[in-house]
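Observations on chain architecture
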Amino acid sequence: RGTAGESTQRFQDQIAVKINQLTRMLGPTVVEDQAVIGSDLFTADGATMGVLMKSKNAFLMRTSLSNDRSQRASADPDVTSTTVTIAGKTVSLLSKPDNSVRSFLAEDDGYFLISNSETLVERFFEVGQSKQSLADTESFRLSRMLVPTSREDTIFAYFSPQMLQNLVSPEYMIELRRRKSAASEIALVHLARLA
């Protein structure tokens, strides 16, 4: 039988972000630029990912995101809204005990990050302090020279050499093997029940 991974929907649900008509209409007036960032490709069962946005109007974006998160928390009694401290800064956290909702909202100097990973939030603040971002690396500058912003592409995908090297690292391979083993055991249980 066929399967549908629904990884995009699962990620949207986990970080508690939905695109609606209002965000489609007002998006260009509030968001200057946006990127989906991450450190792995385990999209089927929980990748470390986030949505990074540079705001044109930080007040409107903060208000909109806070309202959306409040509505999400009030719509489900299992979702809790708290504040946590990461890298010495206050961060909003929406969470559910089963981690089907795990959404950190961090803000720094007009940039907003919504992520399912505390490590990505720490890295976000680290880049804000050090000003050593991915855009400063030689490989990114080369990619932007080959694919300039003047082309006005709808989507620009960039995988850094460090991320690609990480995908073949021993740690990644061990985790991949562990996840595949766990997934196959679950599939065997389903097959046994069908039999």
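Okay, so let's go over this structure. Owing to the predicted nature of the structure, the values given are computational and were not obtained by experimental measurement.

1. Here we look at the overall build of the protein
A tally of helices and strands in the protein yields seven helices and six strands. Across the protein, helices and strands are ordered from the amino to the carboxyl terminus as α-α-β-β-α-β-β-β-β-α-α-α-α. Referenced to the eigenvectors of the C-alpha coordinate spread, the extents of the protein come out at roughly 55 × 45 × 35 Å. Among the 195 residues that make up the protein, the fraction classed as buried is 26%.

2. Focus: the side chain of Asp 108
Structurally, Asp 108 is set in strand S5 (residues 102–108). Beyond its immediate sequence surroundings of up to four residues, Asp 108 is in contact with Lys 89, Phe 124, Phe 125 and Gly 128.

3. Details of the pairing of strand S6 (residues 111–115)
Of all five residues making up S6, four are buried, and the element is well covered by its neighbours. The sheet contact formed by strand S2 (residues 49–55) and S6 spans five bridges and is antiparallel. By the bridge assignment for S6, Leu 52 is matched with Leu 113. Here S5 runs beside S6; their pairing, made up of five bridges, is antiparallel. Residue pairing for S6: Phe 104 is matched across the bridge by Ser 115. Between S5 and S6, which pair antiparallel and follow one another directly, the connecting turn spans two residues, one of which, Asp 109, has a positive phi of 55°.

4. A short note on the sheet that holds strand S3 (residues 80–86)
Judged by pairing direction, the sheet is antiparallel, and its six strands sit side by side in the order S1-S2-S6-S5-S4-S3 without closing on themselves. Strand pairing shows two members of the sheet lacking a second neighbour, strand S1 (31–38) and S3, which therefore form its edges. Going from strand to strand, the sheet's axes swing by 20° on average, the running direction of each strand aside. As paired strands, strand S4 (residues 89–95) and S5 are joined by four bridges and run antiparallel to one another. Pairing of Leu 94 across the sheet is with Ser 103, part of S5.

5. Some points on the layout of surface pockets
Its boundaries defined by the atoms lining it, the largest pocket holds a volume of some 2,300 Å³. Forming the walls of the largest pocket are 49 residues, and the residues nearest its centre are Ala 35, Val 36, Ile 37, Leu 52 and Leu 134. Elements with a minimum of two residues in the lining of the largest pocket: S1, S2, S6, helix H4 (118–130), helix H5 (138–146) and helix H6 (161–166). For the lining of the largest pocket, the leading source of residues is S1, giving seven residues. Class assignment for the residues of the lining of the largest pocket results in 22 nonpolar, 15 polar and 12 charged.

6. What about H4?
Along its 13 residues, H4 runs 18 Å from first to last C-alpha, staying within 8% of the 18 Å computed at 1.5 Å per residue. Those residues of H4 lying buried are Leu 120, Val 121, Phe 124 and Phe 125. End-on, the buried residues of H4 take up no more than an arc of 140°, which puts them together on one face. Away from its buried face by more than 90 degrees, H4 exposes Thr 119 and Gln 129. Its side-chain oxygen at 3.2 Å from the backbone nitrogen of Thr 119, Ser 117 defines the N-terminal cap of H4. Among the residues trailing H4, Lys 131 stands out with phi positive, at a value near 60°.

7. Describing the nonpolar core
With 12 residues, the main nonpolar core is built from Phe 11, Ile 15, Val 30, Ala 47, Met 49, Val 51, Met 53, Met 61, Leu 65, Leu 105, Phe 112 and Ile 114. Broken down by element, the residue count for this core peaks at three residues, all from S2. Leaving out residues up to four positions away in the same chain, Val 30 has contacts with Lys 54, Ser 55, Lys 56, Asn 57, Leu 60 and Met 61. Core analysis: the second largest hydrophobic core is formed by nine residues, Val 91, Leu 93, Phe 104 and Phe 125 among them.

Thresholds, definitions, all that
- Residues numbered from 1 in each chain as written.
- Predicted model: local features only at pLDDT ≥ 70, side-chain atom pairs only at ≥ 80, totals over all residues.
- Heavy atoms only, no water.
- Helix = DSSP H or I, 4+ residues; strand = E, 2+ residues; numbered from the N terminus.
- Buried < 20%, exposed > 50% of the residue type's maximum accessible area, 1.4 Å probe, protein only.
- Contact = heavy atoms within 4.5 Å.
- Pairing = 2+ DSSP bridges.
- Axes fitted to C-alpha atoms, helices over the stretch in contact; angles between N-to-C directions.
- 1 Å grid on protein atoms, 1.4 Å probe; cavity = no way out; pocket = protein on both sides within 12 Å on 5 of 7 lines; lining within 4 Å.
- Points joined across faces, edges and corners; volume = space filled by probe spheres on them.
- Nonpolar A, V, L, I, M, F, W, Y, C, P; charged D, E, K, R; others polar.
- Expected span 1.5 Å × (residues − 1).
- Arc of directions from axis to C-beta.
- Polar contact = N/O pair within 3.5 Å; in protein donor to acceptor, adjacent residues only side chain to side chain.
- Core = buried A, V, L, I, M, F, W, Y, C linked by side-chain atoms within 4.5 Å.

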